[in-house]
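Residue-level listing of the chains:
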Amino acid sequence: MTADSAERAQQHYDPREVQEKWLARWAAMDLFRASDDPADIRPRTYLLDMFPYPSGDLHMGHAEAYAIADTIARYWFLRGHNVLHPIGWDAFGLPAENAAIRNNSHPSDWTYANIETQAASFRRYAVSFDWSRRLQTCDPEYYRWNQWLFLRFYERGLAYRKGGYVNWCPVDQTVLANEQVIAGHCERCGAEVTRRLLTQWYFKITEYAERLLADMAPLEGHWPDRVLLMQRNWIGRSEGAEIQFVIEGRDEPVTVFTTRPDTLFGATFFVVAADSPLAGEICAPELRGQLAAYLSQVSKLTDIERQSADREKTGVFLGRYAVNPATGERMPVWAADYVLPDYGTGAIMAVPAHDQRDLDFARTYGLPVRVVVETGEPDPAETGVATAGDGRLVNSGPIDGLDKAAAIARITEILAGQGQGRAAVSYRLRDWLVSRQRYWGTPIPIVYCEGCGEVPVPDDQLPVVLPDLRGQDLVPKGVSPLAAASDWVNTECPKCGGAARRDTDTMDTFVDSSWYFLRYCSPQYEHGPFDVQAVRRWCPVDLYVGGVEHAILHLLYARFFVKVLFDMGMLDFVEPFTRQLNQGHVINQGRAMSKSLGNGVDLGEQLAAHGVDAIRLTMIFASPPEDDIDWADMNPDAMVRFLGRAWRLAAEAGAAGAGAGTGDTELRKVTHRTIDEVTRLVESSRLNVAVARLMELASAARRAIDAGPGPADPAVREAAETLAILLSIFAPYTAEECWSLLGHEPSVARAAWPSADPALLVQELVTCVVQVNGKVRDRLQVPPGIGEDDLRELALAAPGVIRALAGARVRAVIVRPPRLVNIVPA
């Protein structure tokens, strides 16, 4: 070994040679298989990456996300945990279908080919997956359980079919859930979304709105604050009252939700959404032609346009009157474009003095304006500016003189006593529209029989397999291509045996990703979507790593699914992901990467030029995980040089062998401080700082070699072995080679994470003076080698500093380790 190591020490570090050598050896070792043995007493850790869509090979964003997650997974492997780190593909959906249409191929061929390409790239990227748990959501063995779950939701009243206006993408020719419309455009293709009247399938997520809000409390401090805020805003809880308005000529009153029932005396007209069923129902017969013409005009507008503050409001009088329950006054009923049909009942009481949209409408059509909240501002009827603030109630009978809170409570009490209202809570959240008029997705397991109506497919007939349709036209035409597959569509009714037709829509692909993390626990299980006991062993997920772009859609739906499965008795937890880490984006030259902008960066080319380890380290060292990375500012060559230094250190230490004794005490202190700090840094996800500490250890070992007895010093060998193990979570190829050069058997992934000797962590302390605006406010005792970031944190937390700042914002912190910190308030 010594002669071989001595020879290697004279060579240069070649990342490509190292990769080829170890990739081949690792393939046979199955290093990262999780154990399901109940007798395995190791602590279990479930670490999950958001699974990829197979839209091509891996890209720069994948390189960052999977480097981060893999680092953390490898760390827990080395800490002796039984780690579940699976991989699969979110394989159904529009991109595959659209690509197949463009390339005159089949979505299945395109999808599976890309999956194999990505799988090979993941192996080359050295991600520590348990490949035995691999799954693809387009496999019938997977989507069979989408259908099974759909039927369980259906039995519980959580899956239902209704008609109404929906978001329609004219390019992808399919409906979209509200969450898939961004600023009035399709999140997939960017086309402007229109409204269309269709009968569709929905999941009743609104039934879980309050639980979705309440269950976020334990996630505080474990999920990113911005993700929790986005979820809360999307659910949109509002407190107020439901008020019943009698509509002349209609037997049943219409219920309206409002957050300001105190302004009821100021309601002077009543508005219903032009495209709500209510508008057509109450419209006077002689005005129905006008309503139909107006409805045609409204259907061309997006929801964003309809709610725009700048756009002129339009409407038509419906020839009916509503009775104000507070005043008894008859209020004209209008159909208008600025009220949406899926807001409550699709109707509002209009209080123009205190709502700008109502005021704009009233001024356009000459409707009365009555001030009922005295705010000290000019009369809205004269200024055209509504007074939406709080104040004292006026012109409001029994609630005159009350402030907002008291007035709301009193008017709600009065209405309840009259049987005309009650306190209520409303949500912005709407039920999840799951039907899609496309081919490449899970078929909906419902058939339609003329005699029996809507009939679920029995469990023993699942899966309803997607027909191949190879060679047939898959171009969308407003209905699913499945509608043309007559041999598949025409079937037998499971109830009566008569003729029936299958539902030709497919499910939204967010159904696939709402429970896939449960399937990983038992991917070959055949008696249900997952083995309940296996899930109870592994779940909830300990750490979920992925992009913040999924903060609303995917995470909200996954949380909903888990709560339903909890209610079904299949799970013993109510939140799927204990902790979440969102990585930033990889941009270039300050902008998102794009071929059209000329700033695209090809991951494959970067890997070929610098090697896998250098790219992984570049991604991690660039910034904290949650920050964006600008590739224009990155220097992978610097990482290649660092890896070369680590490799040479191992080669020299391995060639020299180990001398007697403990060796250089100062180097040993650096080594053990590095172990201690990197352990804490990884567990707090400060991965970039952990890499910096490894660089410092390599430099310290090199200085010891140059200044002392050389690589034979036992402290040098200890440093080299420590560096190899700690480096392995970031740069596994190089670390494996270093481990081998030091004379150890493969694999370094099976080594134990080193423990720091407390006796070697003791450091002499120095006094650091902490100033606020140049005045000494505190003194800290700190290690002489303390880093700038750590010293900044200690200074800001110092009691004297907190008293001096008295809550003021900090404009700048000037740090001069280890002796001085000056804090400059804003």
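The model shown is predicted, which means the values in this text are computed figures rather than measured ones. (Residues numbered from 1 in each chain as written. Predicted model: local features only at pLDDT ≥ 70, side-chain atom pairs only at ≥ 80, totals over all residues. Heavy atoms only, no water.)

1. Here's the deal with the sheet that holds strand 27 (residues 580-583)
For clarity, the cut-off: Strands are labelled as partners when DSSP assigns at least two bridges between them. The helix and strand labels rest on DSSP assignments: H or I over at least four residues marks a helix, E over at least two residues marks a strand, and numbering proceeds from the N terminus. Comment: axis = line fitted to C-alpha atoms, over the contacting stretch for helices; angle = value between 0 and 180 degrees taken between N-to-C directions.
Reading across the sheet, the four strands line up as 2-1-26-27 and stay open at both edges, with parallel pairing between neighbours. Looking at which strands have only one partner, the edges of the open sheet turn out to be strand 2 (82-84) and strand 27. Each strand of the sheet is rotated relative to its neighbour by a mean of 20°, with strand direction disregarded.

2. Side note on the sheet that holds strand 19 (residues 432-433)
Within the open sheet, the four strands sit side by side as 6-5-9-19. Their pairing is antiparallel. The open sheet is flanked by strand 6 (174-176) and strand 19, the only strands paired with a single partner. One ladder, built from three bridges, connects strand 5 (residues 159-169) with strand 6; its direction is antiparallel. Counterpart to Asn-167 in the pairing with strand 6 is Leu-176.

3. Observations regarding the pattern of salt bridges
The following threshold applies: For this analysis, a salt bridge means a side-chain nitrogen from Lys or Arg found within 4 Å of a carboxyl oxygen belonging to Asp or Glu. Three labels apply to residues, based on accessible area from a 1.4 Å probe with only protein chains included: buried if under 20% of the type maximum, exposed if over 50%, partly exposed otherwise in between.
As enumerated under the stated definition, the model contains 46 salt bridges in all. A salt bridge links Lys-313 to Asp-360; the nearest nitrogen and oxygen atoms lie 3.8 Å apart. Here Asp-360 lies in helix 12 (residues 356-365) and Lys-313 lies in the loop between helix 11 (303-306) and strand 13 (315-323), a separation of 47 residues in the sequence. On the basis of relative accessibility, which here comes to 2%, the residue Lys-313 falls in the buried class. By relative accessible area, which is 24% here, Asp-360 ends up partly exposed. Among the ionic contacts, a cluster of salt bridges with common partners joins Glu-677, Arg-686, Arg-693, Glu-696, Asp-790 and Glu-793.

4. Focus: the nonpolar core
Put simply, the rule reads: Residues belong to one nonpolar core when they are buried, are Ala, Val, Leu, Ile, Met, Phe, Trp, Tyr or Cys, and are joined through side-chain atoms within 4.5 Å. When checking whether two residues touch, look at their non-hydrogen atoms; a contact exists if any pair is within 4.5 Å.
Among the nonpolar cores identified, the biggest contains 189 residues, and Tyr-46, Phe-203, Trp-432, Phe-517, Leu-518 and Phe-730 are the most heavily contacted of them. Ignoring any residue separated from it by four or fewer positions in sequence, one finds Phe-203 in contact with Phe-150, Phe-153, Leu-158, Ala-159, Asp-431, Trp-432, Val-434, Val-511, Phe-560 and Phe-561.

5. Quick word on the side chain of Glu-97
Within the secondary structure, Glu-97 is located in helix 4 (residues 94-102). By relative accessible area, Glu-97 is classed as buried at 0%. Apart from the residues within four sequence positions on either side, Glu-97 is in contact with Pro-107, Arg-438, Tyr-439, Trp-440, Leu-474 and Pro-481.

6. A few points about the packing of helix 20 (residues 612-621) against helix 25 (residues 732-741)
Convention followed: Orientation labels follow simple angle bins: below 35 degrees gives roughly parallel, above 145 gives roughly antiparallel, 65 to 115 gives roughly perpendicular, and whatever is left gives oblique.
Where helix 20 contacts helix 25, the two axes come as close as 7 Å, and the packing angle between them is 120°. Comparing the axis directions of helix 20 and helix 25 gives the class oblique. From helix 20, Val-612, Asp-613 and Arg-616 reach across to helix 25, where they touch Pro-732, Tyr-733 and Thr-734.

7. Details of the packing of helix 21 (residues 636-656) against helix 24 (residues 714-727)
Applicable threshold: By convention, the crossing between two helices is left-handed when the near helix turns anticlockwise from the far helix through less than a right angle, and right-handed when the turn is clockwise.
It is at 9 Å that the axes of helix 21 and helix 24 come closest, and there the two elements cross at 135°. Relative to helix 24, helix 21 is oriented oblique. As helix 21 packs across helix 24, the resulting crossing turns out to be left-handed. Of the residues in helix 24, those in contact with Phe-642, Leu-643, Ala-646, Leu-649, Ala-650, Ala-653 and Gly-654 of helix 21 are Val-716, Arg-717, Ala-720, Leu-723 and Leu-727.

8. A few points about helix 20
Among the 10 residues of helix 20, nine are classified as buried, and the element is accordingly described as predominantly covered. Regarding helix 20, the residues found buried are Val-612, Asp-613, Ala-614, Ile-615, Arg-616, Leu-617, Thr-618, Met-619 and Ile-620.

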